[in-house]
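Single-letter residue listing:
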Amino acid sequence: MSTTSQTSFSGLLRNRFVQAILLSGLLLQIGIWVRNYAILLFVMEMTNEDPFAVSMIYVAEFAPIFIFSFIGGTFADRWRPKRTMIWCDLLSAVSVFAVLATLIFATWHAVFFATLISAILSQFSQPSGMKLFKMHVPGEQMQMGMSLYQTMFAIFMILGPVLGTFVYQSYGIDVAIFIMGISFLLSAAALTLLPADQKEDKGKQASSVREEMAQGFRYVLNSRTLTLLGGCFMSAGLAIGLIQPLAVFLVTERLALDKENLQWLMAASGIGMILGGALAMVYARKIAPQRMLAFGMIVSAAGMLITSNSTVLWLTLAGQFISGLVLPAIQIGISTLILQNTESSFVGRVNGILNPLFMGSMVLTMMMSGSLKPVVSLVGLYGVAACLFGIGVFIISPLLNRSFQPSIMEPVGGGAPES
């Protein structure tokens, strides 16, 4: 890494916002990964590995994102972002402890609500975090900051499955849900370290929620970059939803191993993500985000084909590693494109429009994947997903030769400046 990059990176780490958001993210990742694996293993155990029940776990996680994303994004633009994030974590903790009580005294089906409620609240918290990122991270450090944030997620791709499996096998579902609740509480405490919210613009608050929603739609439709990105989102969502619930069956069917071995596939992805995140930080200021996104999607499609066609562990792990290696490029490219082409006052609504395109497409194929698996086959579904990634790259191809700079113009009447 060059001296300039080192200076920029050290400056980024001294940023109070970055320090607080990383600490909060660390605590949330602990709770989320314990939840994800404990609930997955618990439901598979209770239903004798029913594919439909497994797919419903993911529906419980992603369907609320589709339903509440635009509403949450609109209110995130109206409310104070720091306060919003803290309240969302606190309410998530309360709901998790309520689910724990229900699980102990009533029915095991309550585990689905542990995912459902936190997914709803995240739709108010996540766009607030993006808005704060836009406000507190300098433009020249934005892509590097996203790389750092994604690297933390990559580390948990390795540690998370091992941690979640260990907690469930050692202590059971009750302790796993309790850990999730405590993690949300500690995250809320970490968020108090964020810089204070700026004073609200009283004149802005005079507009109605409906008017602000309409402005958000006009903003996206008037920006060719954001509309093409939305089409890419839909294609990627269809692909990911198709295979998201099926990863465990790569282990049990293609490799003929116990379901607990899924953690090693996730670990291979995590190692790739860590390396990919480090590479992204080095090259973040040299590669345009739209090219980073396209490259990541093409290579990820190749990883899907390798993983699904493999019947030996080492080759499956190699495919997972390849997909993980480019995942930071995809995530960083998407986040940077949104932030570079969206004014701070519209970040929540733009996220609220684009995310439902992605999540709605994902939930649609996610609900179908369990039923399609016996008909199309596991290998066939992964092949379709790879083709959908290719379609996503084709959709954003008009952007690949364009240079992007953060917009400094304020939109007039809800219209977006064209990049």
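Preceding this section is the structure that the text describes.
Residues numbered from 1 in each chain as written. Predicted model: local features only at pLDDT ≥ 70, side-chain atom pairs only at ≥ 80, totals over all residues. Heavy atoms only, no water.

**Quick word on the overall build of the protein**
Applied cut-off: Comment: elements are numbered from the N terminus, with helices defined as DSSP H or I runs of at least four residues and strands as E runs of at least two. Relative accessibility decides the category of a residue: with a 1.4 Å probe and only protein chains considered, values under 20% of the type maximum give buried, values over 50% give exposed, and everything between is partly exposed. Residues count as neighbours in contact if any of their non-hydrogen atoms are within 4.5 Å of one another.
In terms of regular secondary structure, the protein is built from 16 helices and zero strands. Out of the 419 residues belonging to the protein, those deemed buried represent 55%. A separation threshold of at least 6 residues defines the contact pool for the protein, and within that pool the share at least 24 residues apart is 88%.

**Looking at the packing of helix 13 (residues 289–309) against helix 14 (residues 313–340)**
Keep this limit in mind: Angles here are taken between N-to-C directions and fall from 0 to 180 degrees, while the axes themselves are lines fitted to C-alpha atoms, restricted in helices to the stretch in contact. For classification, angles of less than 35 degrees are called roughly parallel, those exceeding 145 degrees roughly antiparallel, those between 65 and 115 degrees roughly perpendicular, and all remaining angles oblique. Take the far helix as your reference; a near helix turned counterclockwise from it by less than a right angle gives a left-handed crossing, and one turned clockwise gives a right-handed crossing.
The interhelical angle for the contact between helix 13 and helix 14, taken along N-to-C directions, is 155 degrees, at an axis separation of 7 Å. Between helix 13 and helix 14, the interaxial angle falls into the category roughly antiparallel. Considering the relative orientation of helix 13 and helix 14, their crossing is left-handed.

**Description of unusual backbone geometry**
Not every positive phi belongs to a glycine, and Ala 256 is a case in point at roughly 55 degrees. When you line up the elements, Ala 256 lands in the loop between helix 11 (247–254) and helix 12 (262–283). Note on Ala 256: relative accessible area 62%, which makes it exposed. Of note, Ser 377 is a non-glycine position whose phi angle comes to about 95 degrees, a positive value.

**Remarks on the environment of Met 234**
With respect to the secondary-structure elements, Met 234 resides in helix 10 (residues 224–243). Each C-alpha atom of the pair Met 234 and Met 359 lies 8.0 Å from the other, and the pair is 125 residues apart in sequence. Among all residues touching Met 234, those that are not within four sequence positions of it are Leu 357 and Ser 361.

**A closer look at the environment of Gly 277**
By the element assignment, Gly 277 lies in helix 12. A relative accessible area of 0% means that Gly 277 is categorised as buried. The spacing of Gly 277 and Ile 332 is 55 residues in sequence and 9.1 Å in space, taken between C-alpha atoms.

**With respect to the side chain of Ser 308**
Examined against the element boundaries, Ser 308 turns out to sit in helix 13. In this structure, Ser 308 is in contact with Leu 250, Arg 254, Val 379 and Tyr 382, ignoring residues within four places of it in sequence.

**Some thoughts on the environment of Ala 318**
Looking at the element boundaries, Ala 318 is found in helix 14. Sequence separation between Ala 318 and Gly 272 is 46 residues, and the spatial gap between their C-alpha atoms is 9.4 Å.

**What to know about the side chain of Gln 29**
For Gln 29, the location among the structural elements is in helix 2 (residues 16–47). Exposure remark for Gln 29: the relative accessible area of 10% places this residue in the buried category. Among all residues touching Gln 29, those that are not within four sequence positions of it are Phe 153 and Phe 156.

**Structural notes on the packing of helix 12 against helix 14**
The geometry of helix 12 relative to helix 14 is characterised by a closest axis approach of 7 Å and an angle of 40 degrees between their N-to-C directions. Taken together, the axis directions place helix 12 and helix 14 in an arrangement best described as oblique. Seen along the crossing, helix 12 lies across helix 14 with a hand that is right-handed. Contacts from Trp 264, Leu 265, Ala 268, Ser 269, Ile 271, Gly 272, Met 273, Leu 275, Gly 276, Gly 277, Leu 279 and Ala 280 in helix 12 reach Leu 313, Thr 316, Leu 317, Gln 320, Phe 321, Gly 324, Leu 325, Leu 327, Pro 328, Gln 331 and Ile 332 in helix 14.

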